[in-house]
Amino acid sequence: MGKVRILVDGIEREADAGKPLLQNLLELGVQVPYFCYHPRLRIIGACRMCIVFNEKTGKLITSCNTYPEEGMSISTKHPLVVENQKYLLQAFMTRHPLDCPICDKAGECDLQNYGALFGPQRQIVPVSALEKSRHQLDWESDFLEYYSNRCVVCYRCTRVCDEVVGARALYVEERGFQANIAPTVRPMDTSTCEMCGLCVHVCPVGAIISKPFKHWTRSWLLKRGKTLCNLCPVGCEVQIEYGVGDWRSKEKVYRTKPTEDLNICAKAFFGYDHLNHQRLRRPYMFGREETRGNIANYLSTLLRNRGGETVLLLSSYMSDEDYQLLTELASRTGAMLSSPLSFDLLPFLRAYGEYKPVSLREIQGADFYVLIGQDVTSTAPVLSYYLKGKVYRVGQGQRDAKLSPITVSREDLESLEGRGVVVLNALGMQAQEAESWGRYLRELCQRKGFRLVLLHEGNFLGLLKHVPLEWLSDPLQAIDRAKNLILFGEDLLDYVGMELLEKSLERLEHFVVFSPFEDGLSQRAQIRVPMDLMGEIEGTYTTLMGESRAYRFLPKAFNHTDLLRSLLESVPDGQKKPAVVRGEHGHARGLVHLYRSNWITGRSENLRRLYEKNVALQEAVSLR
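Residues numbered from 1 in each chain as written. Predicted model: local features only at pLDDT ≥ 70, side-chain atom pairs only at ≥ 80, totals over all residues. Heavy atoms only, no water.

A.B. asks: Could you give an account of the nonpolar core, naming the residues involved and the relevant values?
C.D. replies: Residues L383 and L441 are the most contacted members of the largest nonpolar core, which totals 174 residues. Ignoring any residue separated from it by four or fewer positions in sequence, one finds L441 in contact with F348, Y352, I372, V422, L424, Q446 and L452. In terms of nonpolar packing, the next biggest core, distinct from the first, is built from 24 residues, V311, L487, L521 and V581 among them. (Core = buried A, V, L, I, M, F, W, Y, C linked by side-chain atoms within 4.5 Å. Buried < 20%, exposed > 50% of the residue type's maximum accessible area, 1.4 Å probe, protein only. Contact = heavy atoms within 4.5 Å.)

So this is what it looks like as structure tokens:
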């Protein structure tokens, strides 16, 4: 649909005929109040606040479910509009408690703002909030809290849960004035709810709040910035809010929110507290704090003189720029490169051949999707929001049940016809299984024309793009052969237990760890260097959203990428092809859980509590 000319309050404007009138008005900068509308949600016209006056028909219309037409003339300031908006706001406020001083939504509440801008300045409905209070509904959750009297019944929360996430964890109980938002299963924390926090984000008032955030700070006290979440390969843009809270608080990250794209999951929404967990902020060498320059000089000397005896073990949570720098460093010094991807993803790729990444945009609207391996909903939850349509699963899943998959065997895939997308989650696969799937899917996708979406951890697509796969050694074989290990992150511990690494680490002459945290493997290192997390990294990531940019705005960021640049500048140009060692191994990831998926989210106290609560319920059920 094209553009049309309309009159808005007597001024001629150009509008997009394919967008609702309300969306056009908002984009034009015209103030129109609304509660139930959201551009990514189905339009229902529940709140009636977005009314405008159609001057040609002489009637009030709701602008959210009306589309502009050529020559349309509307008024947002007509006396009927003003009168009705005042009445509607007063009706919303009849049961709404005046608890703005203690409500976490204060300062960013639509009802609070619209009440000041469009509402009556005196009571016009002869009913007080005390006379019309609704019964409180306990969601039995440690993380989400519902205040029934604050609710304006806009249905945003139920719609986002049904239409975007697909969890269907909420429904509307009762009707009319007694309507309440209720969980389909209680306790909420162990239901189909994925704790993505979208119900909290889209709620226009303070009816649904996050308990970990409750009463800690105020929205106007916080600083905020947008960046890329690097906790899974989807590449969602998120907002991180940080600063100083009340008298109990200190400067830290207080919450993470989605943008209006509504792409976020529990790993980012409730797992934000990993950004505050025992952070390593300064480099240390042999037990003493050291300068960046001295660390860079020492490591560059080590790599120049003993590069062939050194392993660079890469993390999947680094930026494309990091991978480029480390690949160049290996090519100049002959240092061995390795990654835990060698355990499962590389065996698949060696059998499959060259893999061309597929974006979310390319897979939307497919005739069907085939899921292979561990749950998509646990590894890359936001990807599951986009799998709308018929879904098949090879083998059993758990949380992917929300997609209502049809269980099929490998042989059944031969009978599928149409525009199909195969989603293979390589996490947890044994090498032999991964190779088998690689050979099979190469032939199947070529013959049937299916698209393949590969899943793994973090920025694995960036690693595949910038690091030659033939240079990657088996991690354990490389460590056993080397005398020096420079380890980035703790991806290895997600595959191999600490007890297995003990002997190898003890015989190393130099053990260097780049880590965001003071605990874990950095405690065992002779040299430990801070590694940045989301909101601290300036760089590019190759994601399912395409090539995306991450931004740095959080205070106290170390900037490990600059240290890597200094290292590279201190090493002379040259070409030394790294040695590659491979061996037979049987190491694979265990079951990936939505609330415990990697070594970074494992530092989140919020996700730890959610994980333990869900595991305890599963154990209790299995004992019955």
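From this point, the narrative continues.
A.B. asks: Break down the packing of aromatic side chains for me, citing the residues and quoting the values.
C.D. replies: Under the counting rule described, the total for this entry stands at 17 aromatic pairs. Aromatic pair F517 and W599: ring centres 6.2 Å apart, planes at 85°, arrangement edge-to-face. A residue pair is termed long-range when its members are at least 10 positions apart, and F517 in the loop between β24 (510-515) and β25 (527-530) and W599 in the loop between α17 (560-569) and α18 (605-623) qualify at 82 residues. With a relative accessible area of 4%, W599 lands in the buried category. Ring pairs connect the aromatic residues F35, F92, Y114 and F118, which therefore count as one cluster. Directly above the aromatic system of Y147 lies the positively charged group of R150, at a separation of 3.9 Å from the ring centroid. Taking the ring centre of Y440 as reference, the NZ or CZ of R410 above it sits at 4.9 Å. (Phe/Tyr/Trp six-rings, centres within 6.5 Å; stacked < 30°, edge-to-face > 60°. Helix = DSSP H or I, 4+ residues; strand = E, 2+ residues; numbered from the N terminus. Lys NZ or Arg CZ within 6 Å of the ring centre and 35° of its normal.)

A.B. asks: Explain the pattern of salt bridges residue by residue, including any values.
C.D. replies: Here the idea is simple: oppositely charged side chains can pair when their charged atoms come close. Scanning the model with the defined rule gives 40 salt bridges in all. A salt bridge links D189 to K613; the shortest N-O distance between them is 2.9 Å. Placement of the pair is D189 in the loop between β8 (180-183) and α5 (198-202) and K613 in helix α18, with a sequence separation of 424 residues. Its relative accessible area of 24% is what places K613 among the partly exposed residues. One salt bridge in this structure joins E536 and R281, with 3.3 Å as the shortest N-O distance. With E536 in the loop between β25 and β26 (539-543) and R281 in the loop between α6 (266-269) and β13 (284-285), the pair connects residues that are 255 residues apart, well separated along the chain. Residue classification places R281 among the partly exposed positions, given a relative accessible area of 26%. Through salt bridges with shared partners, one network takes in E108, R224, E241, R255 and K257. (Salt bridge = Lys/Arg side-chain N within 4 Å of Asp/Glu carboxyl O.)

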